[in-house]
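Okay, here's what each chain looks like letter by letter:
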Amino acid sequence: MPELPEVEVVRRGLERWVAGRTVAGVDVLHPRAVRRHLAGGEDFAARLKGHRIGVARRRGKYLWLPLDDTDQSVLGHLGMSGQLLVQPESAPDEKHLRIRVRFQDAAGTELRFVDQRTFGGLSLHDNTPDGLPDVIAHIARDPLDEVFDDDALFTALRLRRTTVKRALLDQSLISGVGNIYADEALWRAKLHYERPTSTLTRPKSAELLGHVRDVMNAALAVGGTSFDSLYVNVNGESGYFDRSLDAYGREGEPCHRCGTPMRRRPWMNRSSYFCPRCQRAPRAVS
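This one's a predicted model, so the numbers in the text were calculated from it and none came from an experiment. (Residues numbered from 1 in each chain as written. Predicted model: local features only at pLDDT ≥ 70, side-chain atom pairs only at ≥ 80, totals over all residues. Heavy atoms only, no water.)

Peer 1: Honestly, the pairing of strand β9 (residues 263-267) in this entry has me stumped. Any pointers?
Peer 2: Taken residue by residue, a regular strand's side chains alternate between the two faces of the sheet. Relative to strand β10 (residues 270-274), β9 runs antiparallel, the two sharing five bridges. Directly across from Arg263, in β10, lies its bridge partner Phe274. (Pairing = 2+ DSSP bridges. Helix = DSSP H or I, 4+ residues; strand = E, 2+ residues; numbered from the N terminus.)

Okay, structure coming up:
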């Protein structure tokens, strides 16, 4: 699933090209793309028709389009391969086109949801008083949110019996951080992924959070991280932060800080990449 920088890049594109436009019609071309909308594709299309799209919003990895004249929003689940593309109406259909949203204006473009693996989709939900789709009301604020509470995160980390990477990926504590950016931030902070959160001092916690923000902002500046053609922005362009990675995917390559070969270890059905010299394992794991 794309992480915060990739989703924010898509959000910005939707804000530019879709906000303020009124839906003329919706074509649901694959039922799995609306499986989270329990009433089905026809209901989904009927409920969007005639409504004006507001400014796209995001919390962590979650993206949604408010409907300006209702208390509902269209939540986008990008999954592993979902793409929200703004395309000319005359452009040929993509092979894995799942949903088409047409607009009433004469701009000549439409919004398309393309998903090769069909893990993602669109669904319509009621909003909470804070304007979030109700199904993601439990998701914590992300570190780029201007009202993110750094002190509350430190307190939660100290009280939890968990390890630092698990905490970074816990969307109820801090949202938007996935495997790639967790490894990058931990490398910058010289922290092993199995370091118990209860051992983090306030300065070290603040340092780690600063690195999380720095690596996400750096990724945002170059359009996010793309390892293949599945993640693209609304214009179909890939990001290239993968060229700047210090940890993720660099097994066997020299650490950019000390030259020690980087290592990879299986971790929660994923992989963790780290420097065995800069990021010493805690004694309980050694």
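Peer 1: Please explain the sheet that holds strand β2 (residues 57-59) as it appears in this structure.
Peer 2: Adjacent strands of a sheet pair through backbone hydrogen bonds, lying either parallel or antiparallel. Pairing in this open sheet of four strands is antiparallel, and the strands run β2-β3-β4-β8 from one edge to the other. Unpaired on one side and paired on the other, β2 and β8 (121-126) mark the two borders of the sheet. Adjacent strand axes in the sheet meet at a mean angle of 30 degrees, parallel and antiparallel pairs treated alike. Examined bridge by bridge, β2 and strand β3 (residues 62-66) share three bridges and lie antiparallel to one another. (Axes fitted to C-alpha atoms, helices over the stretch in contact; angles between N-to-C directions.)

Peer 1: Before we go on, may I ask you to explain the packing of aromatic side chains in this structure?
Peer 2: Remark: the centre distance and the inter-plane angle together describe each pair of aromatic rings, the angle taken between the planes. Applying the stated criterion to the full structure yields two aromatic pairs. With a centroid separation of 5.5 Å and an interplanar angle of 65 degrees, the aromatic rings of Tyr193 and Phe274 are classed as edge-to-face. Of this pair, Tyr193 sits in the loop between α5 (179-189) and α6 (202-221) while Phe274 sits in strand β10, placing them 81 residues apart in sequence. Since its relative accessible area comes to 8%, Tyr193 is described here as buried. Between Tyr248 and Tyr273, the ring centres sit 5.1 Å apart and the planes meet at 65 degrees, which makes this aromatic pair edge-to-face. Here Tyr248, found in the loop between α6 and β9, pairs with Tyr273, found in strand β10; they are 25 residues apart in sequence, far enough to count as distant. Judged by its relative accessible area of 12%, Tyr273 is buried. It is Lys165 that lies over the ring of Trp267; its NZ or CZ is 4.5 Å from the centre. Above the plane of the ring of Trp187 lies Arg257, whose end atom (NZ or CZ) is 3.9 Å from the centre. (Phe/Tyr/Trp six-rings, centres within 6.5 Å; stacked < 30°, edge-to-face > 60°. Buried < 20%, exposed > 50% of the residue type's maximum accessible area, 1.4 Å probe, protein only. Lys NZ or Arg CZ within 6 Å of the ring centre and 35° of its normal.)

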